[in-house]
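# Structural description and commentary
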Amino acid sequence: MPIAYSIHASPIGDLLLVANETALIRLHVREGKYVPAVPPAWRDDRDHPILNLAQRELDAYFARRLRTFSVPIAPQGTLFQRQVWAALTGIPYGATRTYAQQAQAIGHPTAVRAVGAANGRNPISLIVPCHRVIGADGSMTGYAGGLEAKRRLLALEGA
């Protein structure tokens, strides 16, 4: 299955979008942590339907015209990571949750650090809204796209 990618400009910096034939599999702030190098096997495809849909929806999100994404996603990770990422999609636009609340939401109330680690490895940033998770004291905590990007995203959403 061929992997396609595109680079998309956004108010928080360039975004790397990666898709297979059926779903978006990665979305990273390019200047952030854990951003994969683009291997030669991936093709730059500005006409890929999944990438085009993701770009249109991201533009609408940043223009405050979209709160819920419809682009199909397929995050790749361990079962625990996928549980954490699925729980992130339940955090409403404009709301925040703590790591402890997220650990409780997946039925592992003592796994707060593991939830934090899984959040940090979220392969589909923004659409799987890990930026909505904050510290127990309300502080801004780590975000693979950078804390300034996290502040801007939460401000955009009115959180």
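Our structure's up above, just so we're on the same page.
I will try to describe carefully the structure that is included in this document.

Thresholds, definitions, all that
Residues numbered from 1 in each chain as written. Predicted model: local features only at pLDDT ≥ 70, side-chain atom pairs only at ≥ 80, totals over all residues. Heavy atoms only, no water. Core = buried A, V, L, I, M, F, W, Y, C linked by side-chain atoms within 4.5 Å. Buried < 20%, exposed > 50% of the residue type's maximum accessible area, 1.4 Å probe, protein only. Helix = DSSP H or I, 4+ residues; strand = E, 2+ residues; numbered from the N terminus. Contact = heavy atoms within 4.5 Å. 1 Å grid on protein atoms, 1.4 Å probe; cavity = no way out; pocket = protein on both sides within 12 Å on 5 of 7 lines; lining within 4 Å. Points joined across faces, edges and corners; volume = space filled by probe spheres on them. Nonpolar A, V, L, I, M, F, W, Y, C, P; charged D, E, K, R; others polar.

## With respect to the nonpolar core
Ranked by size, the top nonpolar core spans 40 residues in total, and within it Leu15, Leu24, Leu27, Tyr61 and Leu126 carry the most contacts. Those elements giving two or more residues to this core turn out to be β2 (15-19), β3 (24-29), α1 (49-62), α2 (79-88), α3 (99-105), α4 (112-120) and α5 (147-157). If sequence neighbours within four positions are ignored, Leu15 has contacts with Ser6, Ile7, His8, Ser10, Leu27, His28, Val29, Arg30, Leu58, Phe62 and Leu126. Leu16, Val18, Ile25 and Trp42 belong to the second largest nonpolar core, which has six residues in total.

## A few points about empty space enclosed by the protein
All told, the structure shown has one cavity of 30 Å³ or more when counted by the stated rule. In this structure, the largest cavity occupies an estimated 80 Å³ of space. Lining the largest cavity are 14 residues, and of these His28, Asn122, Ser125, Ala144 and Gly145 lie nearest its centre. For the lining of the largest cavity, the elements supplying multiple residues, two or more each, are β3 and α4. For the lining of the largest cavity, the element with the most residues is β3, which contributes three residues. When the residues that make up the lining of the largest cavity are grouped by side-chain class, the tally is six nonpolar, seven polar and one charged.

## Focus: unusual backbone geometry
Phi is positive for Arg64, close to 65°, though the residue is something other than glycine. Within the element layout of this structure, Arg64 appears in the loop between α1 and α2. The class for Arg64 is exposed, based on a relative accessible area of 56%. In this structure, Leu126 is a non-glycine residue whose phi angle is positive, near 70°. By the secondary structure assignment, Leu126 is in the loop between α4 and β6 (133-134). Judged by relative accessible area, which is 1%, Leu126 ranks as buried.

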